[in-house]
Amino acid sequence: MTVGEEPTAPDPAGSGPAAPPPAPRLRRDARRNRERLVEAAHVVFAEQGLDAPLDVIARRAGVGNATLYRHFPTRAALVDAVFHDQLAETMSAGDRARDAPDAWNGLTDYLGTVFATLAADRGTNDLMTTRLPDVETLRAVHAHNRETVGVLLERARAQGGVRPDVTTEDLLFALAALGRAVPALTSVTGPDGWRRPLALFLEGLRAPAGTPRPLPGRALDESELGKVLGAMGPHRTRPDGGAATADAT
């Protein structure tokens, strides 16, 4: 019996029922192919970023393009599978930071954890510093990150540790811009090269001894921040809201 045929009816001569179709074996094969694709994608995204061609991932996994698209119809679906656990860990770090008695220490510890993640590989950096449509886990992480930063900023202002005119969007934009530079920076300076510019940036957030000089212009609102982040990275967002790079590349 070939794959896809229905089981053969019992032989009328009494030879017994036909052998069952090899569905369990096929399920195991499919599961293993999916695991290979996720493992290969993690490596390729780490090396090349989220714009890496999907056929490179399929070849690394030892499967054909059709198998990749059968398991992951879109790039977003593959990204979600690859980074789900890692993004969940970032959210857990945010929860721990919110519980810190000193909000400034909670904020700096949290951002240190985030930047260590940004330095780990290019794929994670692309995810955390830009906006990629249709990745459900990423959407939840961005919302959780914004909430964490907002809570810690509000508490730090109340405790006198942060200048009063810094908004959540100010901080998120600056962190995203700095974070985008981390791969290039660490390739030259080593894996901890991000620590110095992050420390310098954080010192600029501290409340000065006297009255701070007002920041020029106005802060971005949440919608404007999303548009800026969508234009910064891979799969840049078109004005109509779609992704500029096709999933099939």
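Scroll up to find the structure this text is about.
Each residue is numbered by its place in its chain's sequence as written, counting from 1. Whole-chain, interface and lining totals are the exception, using all residues; otherwise, since this is a predicted model, local features are given only for residues with pLDDT of at least 70 and side-chain atom pairs are given and counted only at 80 or more. In computing side-chain values, all of the structure's heavy atoms are included and hydrogens and water are not.

So, the overall build of the protein: which residues are in play, and what are the values?
Runs of E in the DSSP output that reach at least two residues are strands. Runs of H or I that reach at least four are helices, and both are numbered from the N terminus. When helices and strands are tallied, the protein shows eleven helices and zero strands. The secondary structure elements of the protein, listed N-terminal to C-terminal, are α-α-α-α-α-α-α-α-α-α-α. A sequence separation of at least 24 residues applies to 70% of the contacts in the protein between residues at least 6 apart. Every residue pair with non-hydrogen atoms within 4.5 Å of one another is taken to be in contact.

Describe the environment of Val79, naming the residues involved and giving the relevant values.
With respect to the helices and strands, the residue Val79 is situated in helix α4 (residues 75–98). Among the residues examined, Val79 registers a relative accessible area of 1% and is labelled buried. C-alpha of Val79 to C-alpha of Thr124: the two residues are 45 residues apart in sequence and 9.8 Å apart in space. Among all residues touching Val79, those that are not within four sequence positions of it are Phe45, Leu50, Leu127, Leu132 and Val135. Residue exposure (1.4 Å probe, protein chains only): buried if accessible area is under 20% of the type maximum, exposed if over 50%, otherwise partly exposed.

Provide a residue-level description of the environment of Asn33, including the pertinent values.
For Asn33, the location among the structural elements is in helix α1 (residues 23–48). A relative accessible area of 19% means that Asn33 is categorised as buried. For the pair Asn33 and Ala61, spaced 28 residues apart in sequence, the C-alpha to C-alpha distance is 7.7 Å. Setting aside residues up to four positions removed in sequence, Asn33 forms contacts with Val63, Thr67 and His71.

Before we move on, could you go through the nonpolar core and cite the residues and values that matter?
If you look at soluble globular proteins, the nonpolar side chains tend to sit buried side by side. We define a nonpolar core as any set of buried Ala, Val, Leu, Ile, Met, Phe, Trp, Tyr and Cys residues linked to one another through side-chain atoms lying within 4.5 Å. Counting residues in hydrophobic clusters, the biggest one holds 54 residues, and the most contacted among them are Phe45, Ile57, Leu78, Val79, Phe83, Phe115 and Leu127. If we ignore the near neighbours within four places in the chain, the residues touching Phe115 are Leu175, Leu178, Gly179, Val182, Trp194 and Leu198.

I'd love a proper account of helix α2 (residues 54–61), names of residues and values included.
Helical geometry note: an α-helix holds 3.6 residues per turn, so side chains three or four residues apart project in the same direction. Regarding α2, the residues found buried are Leu54, Ile57, Ala58 and Ala61. For α2, the arc enclosing every buried residue in end-on projection is 100 degrees, short of the 170-degree limit, so these residues lie on one face. Starting at the helix axis, one direction is taken to each C-beta atom, and the arc is that of these directions.

Which residues make up the pattern of salt bridges, and what are the values?
Put simply, a salt bridge is a Lys or Arg side-chain nitrogen that is within 4 Å of an Asp or Glu carboxyl oxygen. Inspection of every chain in the model, using the stated rule, returns twelve salt bridges. Here Arg32 and Glu35 are joined by a salt bridge, their closest N and O atoms 3.2 Å apart. Here Arg32 and its partner Glu35 are both found in helix α1, three residues apart, which amounts to about one turn of the helix. Exposure remark for Arg32: the relative accessible area of 34% places this residue in the partly exposed category. Residue Arg98 is joined to Glu147 by a salt bridge in which the shortest nitrogen-to-oxygen separation is 3.1 Å. Within this pair, whereas Arg98 is found in helix α4, its partner Glu147 is found in helix α7 (residues 136–158), the two being separated by 49 residues in sequence. For Glu147, a relative accessible area of 44% translates into the label partly exposed.

Explain the layout of surface pockets residue by residue, including any values.
In this structure, the second largest pocket encloses a volume near 180 Å³. Residue assignment for the lining of the second largest pocket shows that the elements contributing at least two residues are α8 (168–180) and α10 (195–205). When residues in the lining of the second largest pocket are grouped by element, the largest group, four residues, is from α8. Think of it as three bins: nonpolar holds Ala, Val, Leu, Ile, Met, Phe, Trp, Tyr, Cys and Pro, charged holds Asp, Glu, Lys and Arg, and polar takes everything else, Gly as well. Split into classes, the residues belonging to the lining of the second largest pocket amount to nine nonpolar, one polar and three charged. Only protein atoms enter the 1 Å grid, on which a cavity is a set of points fitting a 1.4 Å probe that cannot get out and a pocket is an open set with protein on both sides within 12 Å along at least 5 of 7 lines, lining residues being those with an atom within 4 Å of a point. Grid points are joined across faces, edges and corners, and a volume is the space filled by probe spheres set on the points.

Can you explain α8? Please cite residues and give values.
Each residue after the first adds 1.5 Å to the expected span of a helix. Over its 13 residues, α8 extends 18 Å from the first C-alpha to the last, a length consistent with the 18 Å expected when each residue adds 1.5 Å. Among all positions in α8, only Thr168, Glu169, Leu171, Leu172, Leu175, Ala176 and Gly179 are buried. In an axial view of α8, the angular spread of the buried residues amounts to 160 degrees, which keeps them on one side of the axis.

Account for the side chain of Asn145, with residues named and values stated.
Topologically, Asn145 is positioned in helix α7. Leave out the neighbours within four places in its chain, and Asn145 touches Tyr110 and Leu172.

Break down the packing of aromatic side chains for me, with residues and values.
In this analysis, rings of Phe, Tyr and Trp, with Trp reduced to its six-membered ring, are considered paired at centre separations within 6.5 Å, and the interplanar angle assigns stacked below 30 degrees, edge-to-face beyond 60, and tilted for intermediate values. This model, assessed by the stated rule, comprises two aromatic pairs. Seen in terms of ring centroids, Phe45 and Phe83 are 6.2 Å apart; in terms of plane orientation they differ by 25 degrees. Their pairing is stacked. Taken together, the residues span a long stretch of sequence, with Phe45 in helix α1 and Phe83 in helix α4 at a distance of 38 residues. Under the relative-accessibility criterion, Phe83 is labelled buried at 1%. Seen from their ring centres, Phe115 and Trp194 are 6.1 Å apart, and the 40 degrees between their planes marks the pair as tilted. Here Phe115, found in helix α5 (residues 103–120), pairs with Trp194, found in the loop between α9 (182–189) and α10; they are 79 residues apart in sequence, far enough to count as distant. In this structure, Phe115 and Trp194 share a single accessibility class: buried.

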